[in-house]
Amino acid sequence: MSGAVLVAIAAAVGNLLQGWDNATIAGAVLYIKKEFNLESNPSVEGLIVAMSLIGATLITTCSGGVADWLGRRPMLILSSILYFVGSLVMLWSPNVYVLLLGRLLDGFGVGLVVTLVPIYISETAPPEIRGLLNTLPQFTGSGGMFLSYCMVFGMSLMPSPSWRLMLGVLFIPSLVFFFLTVFFLPESPRWLVSKGRMLEAKRVLQRLRGREDVSGEMALLVEGLGIGGETTIEEYIIGPADEVTDDHDIAVDKDQIKLYGAEEGLSWVARPVKGGSTMSVLSRHGSTMSKRQGSLIDPLVTLFGSVHEKMPDTGSMRSALFPHFGSMFSVGGNQPRNEDWDEENLVGEGDDYPSDHGDDSDDDLHSPLISRQTTSMEKDMPHTAHGTLSNFRHGSQVQGAQGEGAGSMGIGGGWQVAWKWTEREDESGQKEGGFKRIYLHQEGFPGSRRGSIVSLPGGDGTGEAEFVQASALVSQPALYSKDLLKEHSIGPAMMHPSETAKGSIWHDLHDPGVKRALVVGVGLQILQQFSGINGVLYYTPQILEQAGVGILLSNMGISSSSASLLISALTTFVMLPAIAVAMRLMDLSGRRTLLLTTIPILIASLLVLVISNLIHMNSIVHAVLSTVSVVLYFCFFVMGFGPAPNILCSEIFPTRVRGICIAICALTFWICDIIVTYSLPVLLKSIGLAGVFGMYAIVCCISWVFVFIKVPETKGMPLEVITEFFSVGARQAEAAKNE
């Protein structure tokens, strides 16, 4: 996974520039207002600081849609160029108007980075470490602030500090970011798949994962192009085909699914279990409990929780089901060939995703995403439009793409992807069934369910190793077209990925699952901004001044301006170890758990600040309480409420609308940031410091309730599975409401 880690670090350099810019202007404005005589014109001074916010807000309105159109990498390159040009303009700045232009260009770069870096990291990171890697922007942003404060502090000790040099030196790290985006960062594989550029996507995945065989994840990325399909939750018992015995809880003669391996004679059987999976039972129970409790807890939260409660301890990128589960989907090169396949659709080994033009920028897809394998019972299948699939026959069968060794169909977090083709006649002679995609996830206990569902001949001890119970999300594949199917008598009709990715954006935004995800994303961004971080940052120098830090620094011969910069540097430095802890916990404890455990600390810290400002107490006691509260607030904010909203927003939206949805969330972030920043001085005058902190504490309480009832746990889950769960949960909630 080192490839994905290095790419995430390189992308997070953009957030280092954002933090650098935020800190630099805070120090440079002290000298800007002296040169341009702005002491009597605070509105212009405020505009200089706010111009970056205005630029970020303006560019965010279109950044998501353009990123979905042109790609993530070109927009990151553009952000580095904007940073570079903006810093040079600020370095020149003969007057206020040119300075405002430089700040605007700089704000454009900030807006692109804030919107696109979380998307980019989420789309390139493996599920197991996606939380860690997506916390990197928080770490590099705070690191950039610390480095910038140290630089500005050092310059402030000079006889005549130059604010132009403070602002213009940004061109050096921005040039580094430019070279990283141009020469090191690849395009997002998910975006490439959405445009049908399969060879490019495959090679990027091979680089990111450090292995040649990535067909399982390639198939997953294609499945992520669908939005709003009908999804059901089922459960299977999976085991060797020659050893599964009849049982009253297993539908033996109905919908049997065969799983084939690469070796001759190696096969498995998956049989549906009546009564539903633990996941489906828990989700139904959650829906019922939600109705009884007045719909307080979203069924979606219960549905996600059921996955993590039953997740095996051994879940990893490799197979979570049993040692040879992945290989059952792999296909050897010595299988007989179906002569009905058109020669142009047949590809050699290692050429799973050929191009029309023989280069990386393939605009069409001739080969199947699913590896070929034929059997003696296979019926002749006509090749279908816009791509083909083989190895389907009457009855049911699961077929999969190749992948990593024993975990060839592993897509992360213990999940597997597979497909089945079912077709049978009902009592009236009408054909029913169809082509289905399955996300499989092992239940938390292998071998048995409610006692002894699967009995094994020859002993009791082998069941633990040979049989597993797996929950399944079953849905129509993204490439499957019922309209095209009407043109053929047998077999699934497939569409090209770029055709699948087309459609009305506004129609996709009205999908119940997408709307549900927008409620979570926008709600988190609003609550994060009104939770008090800007107010505490504003108040920190005053608190530390009361604690005696200012007197200590003045005795060392440091001016008040330099002292405030040093205090800010120390404040940001304190955040770094806390963010490092959050990086470790984000994938262990999870996003939801971190939020639910850190927000109460924020509430307690704010309440202490309220009390210390309402009650008259000794100055030393007041300074100690205030300092401890501020430090705790900063540390626990950057562990939870700081990075978690951006991480969740980058995970919960489908590929087709991820850019525009995150742009909506980012636009909400910037608007709320502007409101909070400019309302703070007014609130301080009207309700005082204690009133402001009290209001922030109330918002934090509301935030905890919102997270508890609305925000699901997404750790370790592939992005496509997360969006599928949002779709299922939204439909469950609508059904419960209608009932």
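Conventions and cut-offs
- Residues numbered from 1 in each chain as written.
- Predicted model: local features only at pLDDT ≥ 70, side-chain atom pairs only at ≥ 80, totals over all residues.
- Heavy atoms only, no water.
- UniProt positions renumbered as here; feature names shortened; annotations may be inferred.
- Disulfide = S-S within 2.5 Å.
- Core = buried A, V, L, I, M, F, W, Y, C linked by side-chain atoms within 4.5 Å.
- Buried < 20%, exposed > 50% of the residue type's maximum accessible area, 1.4 Å probe, protein only.
- Helix = DSSP H or I, 4+ residues; strand = E, 2+ residues; numbered from the N terminus.
- Patch = residues over 30% accessible without salt bridge, like charges linked within 9 Å, V, L, I, M, F, W, Y side chains within 5 Å.
- Areas by Shrake-Rupley, 256 points an atom, 1.4 Å probe, with all protein chains shown as cover.
- Salt bridge = Lys/Arg side-chain N within 4 Å of Asp/Glu carboxyl O.
- pLDDT = per-residue confidence, 0-100.
- Contact = heavy atoms within 4.5 Å.
- Axes fitted to C-alpha atoms, helices over the stretch in contact; angles between N-to-C directions.
- Parallel < 35°, antiparallel > 145°, perpendicular 65-115°, else oblique.
- Left-handed = near helix turned anticlockwise from the far one by under 90°.
- Nonpolar A, V, L, I, M, F, W, Y, C, P; charged D, E, K, R; others polar.

As annotated in an unreviewed UniProt entry, the protein carries the name Major facilitator superfamily (MFS) profile domain-containing protein and comes from Arabidopsis arenosa. As its UniProt record puts it under Subcellular location (unreviewed entry), the protein is described as follows: "Vacuole membrane".

The tally for this structure, following the rule as stated, stands at 0 disulfides. Lacking any disulfide linkage, Cys665 is separated from the closest cysteine sulfur, that of Cys649, by 3.8 Å.

Turning next to the nonpolar core. As a rule of thumb, soluble globular proteins bury nonpolar side chains together. Among the nonpolar cores identified, the biggest contains 162 residues, and Ile32, Ile48, Trp415, Leu606, Phe653, Phe693 and Phe725 are the most heavily contacted of them. For this core, the leading source of residues is helix 24 (residues 658–710), giving 19 residues. Within the second largest apolar cluster, 9 residues are counted, among which are Tyr236, Ile438, Leu440 and Ala470.

As a further point, take a nonpolar patch on the surface. Among the surface-exposed residues, Ile620, Val624, Val628 and Leu632 lie close enough to one another that they form a single nonpolar patch of about 350 Å² accessible area. Looking at the element boundaries, Ile620 is found in helix 22 (residues 619–641). Ile620 gets classed as exposed once you look at its relative accessible area, which sits at 60%.

Let us now look at unusual backbone geometry. Within the chain, Asn37 stands out as a residue other than glycine whose phi angle is a positive 55°. Within the fold, Asn37 resides in the loop between helix 1 (2–35) and helix 2 (42–70).

This next bit is on the confidence of the model for the protein. Confidence in the prediction for the protein averages 76 pLDDT; 70% of positions are at 70 or higher. Every residue in residues 313–407 is under pLDDT 50, and counting partners more than four places away or in other chains gives 279 contacts. A low-confidence stretch, residues 445–465 (pLDDT under 50), is modelled with 36 contacts involving residues beyond four sequence positions or located in other chains.

The description of two helices packed together rests on the angle between their axes and the distance between the axes. Running from amino to carboxyl end, helix 1 crosses helix 4 (residues 96–124) at an angle of 155°, the nearest separation of the two axes being 9 Å. Relative to helix 4, the element helix 1 lies roughly antiparallel. Regarding helix 1 and helix 4, the two cross each other, and that crossing is left-handed. Here Ala4, Val7, Ala8, Ala11, Ala12, Gly14, Asn15, Gln18, Asp21, Ile25 and Ile32 of helix 1 lie close against helix 4, whose contacting residues are Leu99, Arg103, Asp106, Val110, Val113, Val114, Val117, Tyr120, Ile121 and Thr124. The residue inventory of the contact of helix 1 with helix 4, partitioned by class, reads 14 nonpolar, 4 polar and 3 charged.

Before going further, it helps to spend a moment on the pattern of salt bridges. For the coordinates displayed, the defined rule picks out 19 salt bridges. For the salt bridge of Glu123 with Arg72, the shortest nitrogen-to-oxygen distance reads 2.8 Å. Residue Glu123 is located in helix 4, and its partner Arg72 is located in helix 3 (residues 72–92); the two are separated by 51 residues in the primary sequence. Given the relative accessible area of 0%, Glu123 is considered buried. Across the pair Glu651 and Arg130 runs a salt bridge whose closest N-O atoms are separated by 2.7 Å. Residue Glu651 is located in the loop between helix 23 (644–649) and helix 24, and its partner Arg130 is located in helix 5 (residues 130–156); the two are separated by 521 residues in the primary sequence. Residue classification places Glu651 among the buried residues on the basis of a relative accessible area of 0%. Residue classification places Arg130 among the buried residues on the basis of a relative accessible area of 1%. Taken together, the shared-partner salt bridges in this structure form one network comprising Asp68, Arg72, Glu123 and Arg658.

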